[in-house]
Amino acid sequence: MAKPRYKAVFISPHLDDAVFSCGGEIARLVQEGPVLVLNLFTRYLGEVKTRGVVLGDERYREEADAAAYLGYESHNLGELDVSFRRDAYRSLGNIFRPPVPEDMAWLPELREKVFAFLSGLDYERLYVPLGIGWHVDHVLTYLLFEPWIGNKALLYYEDAPYCLLPHTTRYRLDELGLYPRGLEDLSLAPTGAWRAWWQTAMAYADTALMKNLKPWLVRQSAIPVVSVYLYRLMALHRRLAAAPTKPWALQPQVRSVEEVFPRKLEAMALYRSQFREFFADLADCEQLYTSYAAQMPRQYGPVERYWKLAPKVSSV
C-alpha cells in the first residue's frame, strides 16, 4: 500500500502552535498539495482555565475549525500536556525551565513513537519548532529531532507568540550554539544583558496576557514580579548557552506571507481560548507581527522566518 503523500508535515507541540507560527506557510502550501499538522501534547486529565492556560475539549474544536479553514489535515498524537505530566510542572514558572530528568529519560520512547508515525508517511518537508520561549513541550519537540540534524527535508520554525518578543530568538540560537555569525538582522543583534532584559520585560508588560489582568492595581503589581522572573529566566539560559563549536549553523529563510496574512490572522482567531490570552484583538495581533517583520534586514511586509541547518563554511 502506498504511503500517504504530503507536501509538508508540521510538528506542533500543542493545538495552535503550527498555525500561530506557520499559518502563512501552511496557507500557501495547501495550494500546492496536502499538508499535515501533527500535534503532540494533546491529552488533558481535566479542564484547566487559568491566566494564559486553557486546556480542555474546546481546544479540539478550535483545531478542527482552523484545519477546515486553512485546508490542512490534523492528527493528534495524544501525549500528556506538560500541565499534567510531572509534579514539578504544577508550578507555571517551571514550565519555562529545562525539562526535568523524568522527561529526558522519557524522550527516547516519545521519539520512537513520533518517528514510527512519520515512517508511514511520504513528505517533501518537515517543519519543527526551535523551542523559542523555552516552553518545556516546545523544547522536547525540538530535541526529538536532534538525530535528524542535516536531514535535507528538515526546517525549523520560530515559535509564536514567543518569537514576537525582543531577544527571544537570539537567546535560543545562542543556547543551541547554532547562531550564524555575520547576519545583518536587528532582531538578532547582540545586546547587553541588562538592556535585553529590560526591553523584553517592557514588551511583555504590553502584551494582552498582562493587560488582561484586572483590576489595574493587580496588573501593576504583577509587572515587577514577572519582570524579575524574566530576568532570572534569561540569566539561566545565558548560562546554558553553548559554545559555537558545532560543525553546523542555522541559516535563515525569511518568507513573505503578505498575500495570505489575512487568512493566517483569521485562522489564529479560531483558537478563541488562546487568541484572547495573547492578543487583545486582530489589530493588536497584526501590529505585533508587523513589528516583528520590521526588524528584518529588508522590509518584506508580514513574514515568517524559518531556519535550515547547513555545514559551516571555513573562513580559512
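To be clear, the structure that these remarks concern was listed above.
Residues numbered from 1 in each chain as written. Predicted model: local features only at pLDDT ≥ 70, side-chain atom pairs only at ≥ 80, totals over all residues. Heavy atoms only, no water.

**Some details on the pairing of strand E7 (residues 154–157)**
Line of reasoning, step 1. Burial along E7 is two-sided: the residues Leu154 and Tyr156 and Leu155 and Tyr157 are all buried.
Line of reasoning, step 2. Pairing analysis gives four bridges linking strand E6 (residues 122–129) to E7, with the strands arranged parallel. Within E7, the residue paired with Tyr127 across the bridge is Leu155.
Line of reasoning, step 3. In this region the chain leaves E6, passes through helix H5 (residues 136–144) and returns to the parallel neighbour E7; the handedness of that crossover is right-handed.
Line of reasoning, step 4. Of the strand pairs in this sheet, E7 and strand E9 (residues 303–311) are connected by two bridges, and their pairing is antiparallel. Paired with Tyr157 across the strands is Tyr306, a residue of E9. (Buried < 20%, exposed > 50% of the residue type's maximum accessible area, 1.4 Å probe, protein only. Helix = DSSP H or I, 4+ residues; strand = E, 2+ residues; numbered from the N terminus. Pairing = 2+ DSSP bridges. Right-handed = clockwise from strand over helix to strand, strands pointing away.)

**Here we look at the packing of aromatic side chains**
Line of reasoning, step 1. A full pass over the atoms with the stated rule returns 21 aromatic pairs.
Line of reasoning, step 2. Both rings, one in Phe20 and one in Phe278, keep their centres 6.5 Å apart while their planes meet at 80°; by these two values the pair is edge-to-face. With Phe20 in helix H1 (residues 17–29) and Phe278 in helix H11 (residues 272–278), this residue pair connects regions lying 258 residues apart in the sequence. Per residue, the accessibility class of Phe20 equals that of Phe278, and both read buried. (Phe/Tyr/Trp six-rings, centres within 6.5 Å; stacked < 30°, edge-to-face > 60°.)

**A closer look at the side chain of Lys7**
Line of reasoning, step 1. Along the chain, Lys7 turns up in strand E1 (residues 5–12).
Line of reasoning, step 2. Residue classification places Lys7 among the buried positions, given a relative accessible area of 16%.
Line of reasoning, step 3. A distance of 3.1 Å separates the side chain of Lys7 from the side chain of Glu124, its partner in a polar contact. (Polar contact = N/O pair within 3.5 Å; in protein donor to acceptor, adjacent residues only side chain to side chain.)

**Considering unusual backbone geometry**
Line of reasoning, step 1. Along the chain, Ala160 connects to Pro161 via a cis peptide bond; the corresponding omega equals 15°.
Line of reasoning, step 2. Tracing the sequence through the fold places Pro161 in the loop between E7 and helix H6 (168–176).
Line of reasoning, step 3. Cis geometry marks the peptide bond from Lys214 to Pro215, where omega comes out at -5°.
Line of reasoning, step 4. Relative to the helices and strands, Pro215 is located in the loop between helix H8 (208–211) and helix H9 (216–239).
Line of reasoning, step 5. Of note in this structure, Trp134 is not a glycine but carries a positive phi near 70°.
Line of reasoning, step 6. Looking at the element boundaries, Trp134 is found in the loop between E6 and H5.
Line of reasoning, step 7. Note on Trp134: relative accessible area 5%, which makes it buried.
Line of reasoning, step 8. The backbone of His167 shows a phi angle near 75°, a positive value even though the residue is not glycine.
Line of reasoning, step 9. When you line up the elements, His167 lands in the loop between E7 and H6.

**A word on the nonpolar core**
Line of reasoning, step 1. Phe10, Tyr72 and Val114 are the most contacted members of the largest nonpolar core, which has 90 residues in total.
Line of reasoning, step 2. Sorting elements by how many residues they give to this core places H1 first, with seven residues.
Line of reasoning, step 3. When residues no more than four places from it in sequence are discounted, the contact partners of Val114 are Leu38, Leu40, Leu77, Leu144 and Phe145. (Core = buried A, V, L, I, M, F, W, Y, C linked by side-chain atoms within 4.5 Å. Contact = heavy atoms within 4.5 Å.)

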